[in-house]
Amino acid sequence: MHTIDALYAAFVSALPESLRPVAEDLPYFLRLAPVPRQPWSAVFSHAVTLEAPRLFAPGLPRPDPELVRRAVLAHALSVIEAFGTDRVLDRQAKTTPELLAVLEELRRGRDAVLESIWPGAVALARAADRETTEAIKEEAAILRRLGAVTFEEYRRISLAKQSVGFPATLALAHACGANEAQVEGTRRALSGVWLGLQFEDDTGDWEDDWRRGGGAWAVSLARRKLEAVKDKSADERPTEPDLVRRRVHRMRILYLMLHGARHQYRVGFRYARSVGATQLAAWADERVRRLDAVLPLEAQHAGYYVRARKLAPWAAEVLT
Amino acid sequence: MSALASQVQDPHVQLRRLYTSLLEEQSRFDEFKQLLALYPASDGDEESPEAQAVRAKLNARIGEWLCGHFDGLSAAQVALWRSIVVEERINVALSPWKESNLY
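Everything numeric here is computed off the predicted structure, so don't read it as measured data.

**Things to note about the overall build of chain A**
- What chain A contains, in helices and strands, is 17 helices and zero strands.
- For chain A, buried positions account for 56% of its 320 residues.
- As presented, chain A carries roughly 13900 Å² of accessible surface, and 52% of it is formed by carbon and sulfur atoms.

**Quick word on the packing of aromatic side chains**
All names here are of chain A.
- Tallying each qualifying case throughout the model produces 13 aromatic pairs over all chains.
- Here the aromatic rings of Tyr8 and Trp40 are separated by 5.9 Å at their centres, their planes lie at 80 degrees, and the arrangement is edge-to-face. Within this pair, whereas Tyr8 is found in helix H1 (residues 3–13), its partner Trp40 is found in helix H4 (residues 40–43), the two being separated by 32 residues in sequence.
- Owing to a relative accessible area of 3%, Trp40 belongs among the buried residues under this scheme.
- Aromatic ring contacts, followed pair by pair, group Tyr8, Phe11, Trp40, Phe44 and Phe83 into a single cluster.

**Some words on the interface of chain B and chain A**
- Each side of the interface is counted separately: chain B has 30 residues, and chain A has 42 residues.
- Overall, the association of chain B and chain A removes approximately 3600 Å² of surface from exposure, summing both partners, and the carbon and sulfur fraction of that is 64%.
- Inspection of the region where chain B meets chain A yields one salt bridge.
- A salt bridge links Arg245 of chain A to Asp30 of chain B; the shortest N-O distance between them is 3.2 Å.
- Between chain B and chain A we count six residue pairs in polar contact (both at pLDDT 80 or more) in total.

**Side note on the confidence of the model for chain B**
Residue and element names in this part refer to chain B.
- Counting all residues, the mean pLDDT for chain B is 79, and 74% of those residues have values of 70 or more.
- Confidence, read as mean pLDDT per element, is least for helix H1 (residues 3–9) in chain B (59) and greatest for helix H4 (residues 49–65) (94).
- Within the model, the stretch residues 90–103 combines pLDDT values under 50 with 58 contacts to residues more than four positions away or in other chains.
- Interface confidence for the predicted complex, expressed as ipTM, amounts to 0.81; the pTM equals 0.88.

**Points about the packing of helix H6 (residues 65–89) of chain A against helix H7 (residues 97–115) of chain A**
All names here are of chain A.
- The geometry of H6 relative to H7 is characterised by a closest axis approach of 9 Å and an angle of 150 degrees between their N-to-C directions. Taken together, the axes of H6 and H7 are roughly antiparallel relative to one another. You can see that H6 and H7 cross each other, and the crossing is left-handed. For the pair H6 and H7, contact is made by Arg70, Leu73, Ala74, Leu77, Ser78, Ile80, Glu81, Gly84, Thr85 and Val88 and by Leu99, Leu100, Leu103, Leu106, Arg107, Gly109, Arg110, Val113 and Leu114, respectively.

**Focus: the pattern of salt bridges**
- If you walk through the whole model with that rule in mind, you get 28 salt bridges over all chains.
- One network of salt bridges, in which partners are shared, links Glu207, Asp208, Arg211, Arg245 and Lys310 of chain A together with Asp30 of chain B.

**Thoughts on the confidence of the model for chain A**
- This prediction gives chain A a mean pLDDT of 92; 95% of its residues lie at or above 70.
- For residues 231–239 of chain A, every residue scores under 50 in pLDDT, and the model assigns this stretch 16 contacts once sequence neighbours within four places are set aside.

**Quick notes on the side chain of Ser163 of chain A**
Residues and elements named next belong to chain A.
- Relative to the elements of secondary structure, Ser163 occurs in the loop between helix H9 (151–161) and helix H10 (167–175).
- Look at Ser163 and you get buried, because its relative accessible area is 9%.
- Not counting residues within four places of it along the chain, the set of residues in contact with Ser163 comprises Ala128, Glu131 and Thr132.

**Some words on the environment of Ala23 of chain A**
Residues and elements named next belong to chain A.
- As for its position among the elements, Ala23 is in helix H2 (residues 20–24).
- On a C-alpha basis, the gap between Ala23 and Phe11 in space is 9.2 Å, while along the polypeptide they are twelve residues apart.
- Ignoring sequence-local partners within four residues, the contact set of Ala23 consists of Tyr8, Val12, Leu15 and Val102.

What counts, and at which threshold
- Residues numbered from 1 in each chain as written.
- Chains lettered and ligands numbered in written order.
- Predicted model: local features only at pLDDT ≥ 70, side-chain atom pairs only at ≥ 80, totals over all residues.
- Heavy atoms only, no water.
- Helix = DSSP H or I, 4+ residues; strand = E, 2+ residues; numbered from the N terminus.
- Buried < 20%, exposed > 50% of the residue type's maximum accessible area, 1.4 Å probe, protein only.
- Areas by Shrake-Rupley, 256 points an atom, 1.4 Å probe, with all protein chains shown as cover.
- Phe/Tyr/Trp six-rings, centres within 6.5 Å; stacked < 30°, edge-to-face > 60°.
- Contact = heavy atoms within 4.5 Å.
- Buried area = accessible area lost by both parts, 1.4 Å probe.
- Salt bridge = Lys/Arg side-chain N within 4 Å of Asp/Glu carboxyl O.
- Polar contact = N/O pair within 3.5 Å; in protein donor to acceptor, adjacent residues only side chain to side chain.
- pLDDT = per-residue confidence, 0-100.
- Axes fitted to C-alpha atoms, helices over the stretch in contact; angles between N-to-C directions.
- Parallel < 35°, antiparallel > 145°, perpendicular 65-115°, else oblique.
- Left-handed = near helix turned anticlockwise from the far one by under 90°.

Take a look at the structure:
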């Protein structure tokens, strides 16, 4: 069994029996997996999402395998809980008392593990919870009213949304003897990675987000850019999908979002390398190279990246 | 047969050219999806006249996009493609950070 699945299975086995069915099949209940019985290792394609602390361990002064194991568990519980809360808040998952109870258990489990890694980690995690929740609410409010945003605002809110992705790794760094510069390098490496993933995801999914009715970053960024260029007042919300898409394409918003993702992966690469997280650095570097290949295509054929994401399952079936 | 002619007739090369064509042009992508959506979901019986008409139109449009170098899709192929592209039944991407890898 994959490490992350074994850790999660142990967490589930300690839950009250009434919560286990939901907890065992959480990827499916949160609509992160299309079919039941999918393990967490199958949901995300790279270890960075659920096992980030492990990727930083080789560069730490005194890495302790047991502390690394605990940090990975705490990180995974944090991220899973954050996905769950996000899905509940934007109503993508059916909210039931059992699901809410499992999310509470995830928080409780995370705190118990963090407490055993480094003093102060629990306070860090709870502050991160608040920051993430506030950012999700701010994002929803802006996107729902089709607010115009700058890329800087987009970056700030996106980073706040990722707050829960930091405490376990930072706690591990402190506990394993990292100095302030190493801790800061770790923080910046994580920032680059999380923002790169978030920007890429927001680019690929903007049409689906828009169709769900809650707004989309690409549209709000397009509005801001349009206003900045033409100095005109906000117009009414366009309802015709092609009109919105044409605007987003014409303003090169998707290209700029992907360019932002590339920059963030580059930041992630530099800082991951500086703190000795070589596996993570190689992954971030590979993301940079892939975007280097995609960016000219997106520049030339606006919407290329979205279409590629939508056709990916078909291409995998008929072209390989 | 020249190497070029042989390449043009290679079904895999034709599919790759179709893929590139769809990626490069939003209107083609939209029309491709719309025509697949119009194709009736298979119930295991013979292809209906309505389904044949949709498939013929899809084949004709792809032929135009690829400047005539397209052999045409069978009923089974269109049904499979519909299930993947329209119904998203196979190999659906999994998560917000799903990191699709095919460009």
